[in-house]
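# Results of the structural survey
The primary structure of each chain is shown beneath.
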Amino acid sequence: MNSDVALVLAKEDGRPTTSASMPRMVAMMLRELGVEDGDTLLEIGTGTGWNAALASHRLGSDAVTTIEVTPHFADRAAERLKQIGFTPHVVCGDGAEGWVTSAPYQRLIATCAVQHVPYPWVAQTNGVMVIPWGNGMCNGALLRLNSDGHTAIGGVVEESSFMWMSGQAPADWPEETTGEESATDTDPRVLTPNEARFAVGLCVPGCRYRVDWGDDAAGADCTLRLTDGESSASVRYMPEDSVFPVYQSGPRSLWDEAEAAYRWWNGAAQPGFDQFGLTVDRNGQRAWLRSPGNPVPVRT
Ligand SMILES: C[S@@+](CC[C@H](N)C(=O)[O-])C[C@H]1O[C@@H](n2cnc3c(N)ncnc32)[C@H](O)[C@@H]1O
C-alpha cells in the first residue's frame, strides 16, 4: 500500500462492505488509542486484518481480539494474519455485543461508524475507546472516550468517515411525497457544511440528509431533503428567492426541527467537531457541547 486512500475490497449493491482504512487515519486512531505494554485490545471490524496485525505486533497476538460480522472476511483475515505470524483472537459475530469472553480490555477501537455507542463496549473496557461516531446527517467524527467500565466520557478528536456498523446505518429514503406546504427564510444551504450537519444531526435524531442539485446552467438551484424513514421534508432553494418553499410529511416536521437546531448551533457561535463530546452509560448516550454539563438540545 503506497498511498493515503482507503482500499475498498468488497461491495454489495454498489456500497463498500469492507475496506482497509486510509493509512493516515489508521495511524491517527492508533495514536489516539495510546496503547501501553500489557494492554489488551478489542477491535470492532476486522476487515482485512491489517489493523489487527499492527496491534498484534505492538501488544502480542494474545492481547488482541478482533470481531468481524461477515464470516468470510473473518476467515480470510485470520488466514492472512497467520501467514505473517500473528494469531490474534478473530471472532465472527456482531461487534455491537463486544466480546465478553476476553473482557475487560484496556483499549477498544472500532473501525466502523456508529450512531449509538453500544453499552457492552463501555462495560467491557477499562481505559480508552476510539470510535467513529456519526449521525444521519454527517457520518463523521472520531471520538476518544475514557471508560471506567460503567460510564464512558470523552470528546471528538478529528473528522472521519467510516462505513457504518451493521444495524446503525441511517434510514432508507422513502418514496417521495410532497406533504404540507409552508415557507422559510432560512437558506437551506446553511446545512451543507459538515460542521453544521454534524451538529444538527445530533439534535435531530434519526434524520438523514441529501441535496439534489438542479440542472440550471449555473447549477445554483437545489433541493434539500430530510427523512427519518417515516417523515420527510424538502426545501427548494432558488437563487432569486429570499423565501423558500418547504414540504413536510409524516409525524415529525423535520425541516422545523432542523431549522431550530441550526439556529441553536449558529447562536452557539457555530462550534466545530472538536467542541462536541459524548457520555455513555447504561441509560444510553448524551451528546454535549464543550462540557458534559451542557447537553445538546435533542429534538424528538
Ligand atoms: C473499514 S472496515 C475495517 C478495516 C479493518 N480494521 C482493517 O484493518 O482492514 C469495516 C469492517 O467492519 C465490519 N463490520 C460492519 N458491521 C460490523 C459489526 N456489527 N460487527 C463487526 N464488524 C462489523 C465490516 O464488515 C468491515 O469489514
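First, a word on what this report is: a plain description of the structure on this page.

Membership of the largest hydrophobic core comes to 76 residues, with the highest contact counts inside it found for Leu 41, Ile 131, Val 200 and Ala 258. Of the residues that make up this core, three or more belong to each of domain 1 (7–159) and domain 2 (180–267). Dropping the residues within four chain positions of it, Val 200 is found in contact with Met 137, Leu 191, Ala 258, Ala 261, Tyr 262 and Trp 265.

This part takes up the sheet that holds strand β10 (residues 180–184). Pairing is antiparallel across the open sheet formed by five strands, whose spatial order is β10-β14-β13-β12-β11. Only two strands of the sheet have a single neighbouring strand rather than two, namely β10 and β11 (208–213). For this sheet, the mean angle separating the axes of adjacent strands, direction not counted, is 20°. Relative to strand β13 (residues 232–237), strand β12 (residues 222–227) is paired through six bridges, and the arrangement is antiparallel. Among the inter-strand pairings, Arg 225 is bridged to a residue of β13, identified as Ser 234.

Residues Ala 103 and Pro 104 are joined by a peptide bond in cis, for which omega reads 5°. Tracing the sequence through the fold places Pro 104 in the loop between β5 (89–92) and β6 (105–110). At Gln 270, a residue that is not glycine, the phi angle is positive and equals roughly 50°. One can find Gln 270 in the loop between α6 (254–267) and β15 (276–281). Here Arg 290, not a glycine, exhibits a phi torsion of approximately 70°, which is positive. You can see Arg 290 is positioned in the segment after β16 (284–289).

Parameters and conventions
- Residues numbered from 1 in each chain as written.
- Predicted model: local features only at pLDDT ≥ 70, side-chain atom pairs only at ≥ 80, totals over all residues.
- Core = buried A, V, L, I, M, F, W, Y, C linked by C-beta atoms within 7 Å.
- Buried ≥ 20, exposed ≤ 12 C-beta atoms within 10 Å, placed from the backbone.
- Domains from an automatic or database assignment.
- Contact = placed C-beta atoms within 7 Å.
- Pairing = 2+ DSSP bridges.
- Helix = DSSP H or I, 4+ residues; strand = E, 2+ residues; numbered from the N terminus.
- Axes fitted to C-alpha atoms, helices over the stretch in contact; angles between N-to-C directions.

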